[in-house]
Each structure stands twice: as C-alpha cells, then as structure tokens.
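# Secondary and tertiary structure notes
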Amino acid sequence: MRKLPPLRALQVFEAAARQSHFSKAADELCITQSAVSHQVRQLEEHFGERLFKREGRQLRLTNKGQHLYESLERIFNELSDLSMQISGDSNDQLRLAVYSSFAIKWLIPRLSDFRRLHPEIKIRLDMITDDPELSDGVADMFITGQSGQPGYYHQSLHKERLVPVISPSLLSSDDPIHELDSQPLLTVDEGPLGLDWDRWFVANDKRLPPEQQQHIFSHVLLAIEAAIAGQGIALASDFMVQTDIEKGVLVELALPDILTGFEFYFSCKQRRLKEPAIKAFVGWLSHQS
C-alpha cells in the first residue's frame, strides 16, 4: 500500500509555493488564508520538515520546500495533460503575453494568416510593457526579451535594429547625408540608454552638429507618427516601420542602421510543445520573417 501525504494539502502547498503568498493561494483556491496555513502546517507535520520560511515580509521556500514544489509542479502538469487526453479536451484557447509595440507592428498584421490556417484555435493577446514571470499562471505563451529559462522552449524571432526613416514628401535630393543635415531629428529619449540619435552618431563615428534641430519623444511610436506627418527623420525599430515603408508612407534612408542589442523571443514550456494548438502556433511562427 502506498504511503501518500495528504493530497489536499499538497494541492494547497503547490498554489502557495507558486504564488509565494498565502492570501493569493487562498483566492485562487476559494478558501481562507487560515485554511491555507492549516494545510501547509499539516504537510510540514507529515514530513517533519519546514517548507516555508519568512524573510522580513517575504515568504520563501526552504530547500526541502523548493524540492517538493518542483516535483509537484511536474506531477500536476502531467496529471493535467493526462486528464485532457482521457477526456478528449484540448486547449484551443491560448493566452499570449506580448509587448504592445511588437504586437501592433509585427504580430497583428500577420495573425490573420494564422487564423485562416487554424480557425479552431483562439489566441488571446495580453499586452505587456515589462518582461513578466514566465509561468502558466501568467500566460500559455510569451513574446519577450527573455531566454534561457530552464524548462522553457525559446525561439528567436527578431534582432532589433534602428533604421532612419522619413516621409517621401520631405525628400529634396538623392543624397541621404543632405537629408540628414537639413531635416529635424525626431529623437526618442530611451531613459538609461540615452537619446537614440546620440547613439547613432557615436556608433557611426560621426558628430551631431550642435545646431541640428531635434524634437524629443518619450516613445518610438510617437516619433514614427511624427515622421509620417513630415516633421523630420526618425530612428525606428525596423519591424515597426516595415509596413509603412511597403505602403510608401515612409522611406528608409540609405544610411547605416544600428543594432539595439535587443532580441525578441517566443517562449513556452518545453513540455507543452506537444499540445496541438501550441505546436501549430510554433510551426506557423517558424515561417514568419
């Protein structure tokens, strides 16, 4: 006969460990915080080991608690997969956490093709501004700047570069240097990275003329719209202006581009690659340029 720990206590412990918070686990499981504490205490008594420790106001797992949590996460995931296989259910509604700018300028224009190929699969886009925790509790799939997390599959989608763009209505010659010298610079303040045009001049061993007129923006999307409106030359992420260049509302000047050092990655849990909906999405992504 198997000697098993209390199964309900294991479920409650896994939620508390994943959330790093008793009250959040209680909300998830629709029980009280005291019930979470009671179940965790029951499990600690069963093992004769402390599973959590408090460091100030933070709740952390002990070494034994971390080992138990990692094993339970794998076991519960396998149980979930088994349940779907036996019941015939499939996860055809996927949550994709993605940067808003990448979604608007790169993903959404392509997404109609995926929906045409796989109308049975529903994709919910959750916009993010900062890299979230890679966790099923956040989303099923991610497009972020993160890679290398154990247990996750990562696929490089795009290495970002900045290209100089201008409205065709402003072009007065075939000489890009003349355009650079004669037009205002639509400059993005990138916080700790500084001004994007300053970086461009340094990268290309050039000096920014002190009399050069600049208009400062807090986000590249604003600079792109200003460039479309004919207000000057913007340095834009290449994927953001690809469609505008194809439509003829912007022209890429024959000037050097610069790599930002940022790379976009698609991520999902390695074990979930076999799920039909995620497998279909990963396959489709592999054919996007």
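Think of each chain on its own: its residues are numbered from 1, step by step along the sequence as written. Given that this is a predicted model, residues contribute local features only at a pLDDT of at least 70 and side-chain atom pairs are listed and counted only at 80 or more, while totals for whole chains, interfaces and linings are drawn from all residues. Side-chain numbers here rest on the full set of heavy atoms in the structure, without hydrogens or water.

Our focus in this paragraph is the environment of Arg-8. Within the secondary structure, Arg-8 is located in helix H1 (residues 7-19). Between the C-alpha atoms of Arg-8 and Ser-34, which are 26 residues apart in sequence, the distance is 15 Å. Strands here are runs of E lasting at least two residues and helices are runs of H or I lasting at least four, both read from the DSSP assignment and numbered beginning at the N terminus.

The next point concerns helix H10 (residues 276-285). When a residue's accessible area, from a 1.4 Å probe over protein chains only, is under 20% of the maximum for its type it is buried; when over 50% it is exposed; and in between it is partly exposed. Among the 10 residues in H10, 7 count as buried, and that is most of the element. Those residues of H10 that sit buried are Ala-277, Ile-278, Ala-280, Phe-281, Val-282, Trp-284 and Leu-285. Next to the buried residues of H10 lie strand S3 (93-99), helix H5 (100-117), strand S4 (122-128), strand S5 (141-144), strand S6 (152-166) and strand S11 (258-269). In what follows, a contact means two residues having at least one pair of non-hydrogen atoms within 4.5 Å.

This paragraph deals with helix H9 (residues 238-247). Buried within H9 we find Asp-238, Phe-239, Met-240, Val-241 and Asp-244. One or two steps after H9, the chain reaches Gly-248, where phi turns positive at roughly 85°.

The subject of this paragraph is the nonpolar core. The nonpolar core is taken to be a set of buried Ala, Val, Leu, Ile, Met, Phe, Trp, Tyr and Cys residues, with the residues joined through side-chain atoms within 4.5 Å. By size, the foremost hydrophobic cluster in this structure holds 48 residues, and its most contacted members are Leu-96, Phe-102, Ile-123, Met-141, Ile-143, Phe-266 and Phe-281. Counting residues per element, this core draws most heavily on H10, at 7 residues. If sequence neighbours within four positions are ignored, Phe-266 has contacts with Met-141, Phe-142, Ile-143, Tyr-153, His-154, Gln-155, Leu-157, Phe-281, Val-282 and Leu-285. Counting 21 residues, the second largest nonpolar core, distinct from the first, contains Leu-10, Val-12, Phe-13 and Val-36.

Okay, the pairing of strand S8 (residues 214-217) next. Note on pairing: two strands pair once DSSP finds at least 2 bridges between them. As paired elements, strand S7 (residues 185-188) and S8 share 4 bridges and run parallel to each other. Across the sheet, residue Leu-186 finds its bridge partner in S8, namely His-215. Looking down the strands as they point away from you, a crossover is right-handed if its path from the first strand over the helix to the second goes clockwise. With respect to chirality, the unit in which S7 leads through helix H7 (residues 196-203) into the neighbouring parallel S8 is right-handed.

The residue Leu-170 is located in the loop between S6 and helix H6 (176-182) in this model. Discounting chain neighbours no more than four positions away, the residues touching Leu-170 are Glu-179, Gln-183, Gly-230, Gln-231 and Gly-232.

A few words now on the packing of aromatic side chains. Aromatic pairs are defined between Phe, Tyr and Trp rings, using the six-membered ring for Trp, whenever the two ring centres lie within 6.5 Å; interplanar angles under 30 degrees are classed as stacked, those over 60 as edge-to-face, and all others as tilted. By the definition in use, this model includes 16 aromatic pairs. Seen in terms of ring centroids, Phe-114 and Phe-281 are 5.1 Å apart; in terms of plane orientation they differ by 80°. Their pairing is edge-to-face. Residue Phe-114 is found in helix H5, and its partner Phe-281 is found in helix H10; the two are separated by 167 residues along the sequence. Accessibility expressed as a relative area gives 0% for Phe-281, which makes it buried. Among the aromatic residues, ring-to-ring pairing joins Tyr-99, Phe-102, Trp-106, Phe-239, Phe-262 and Phe-264 into one connected group.

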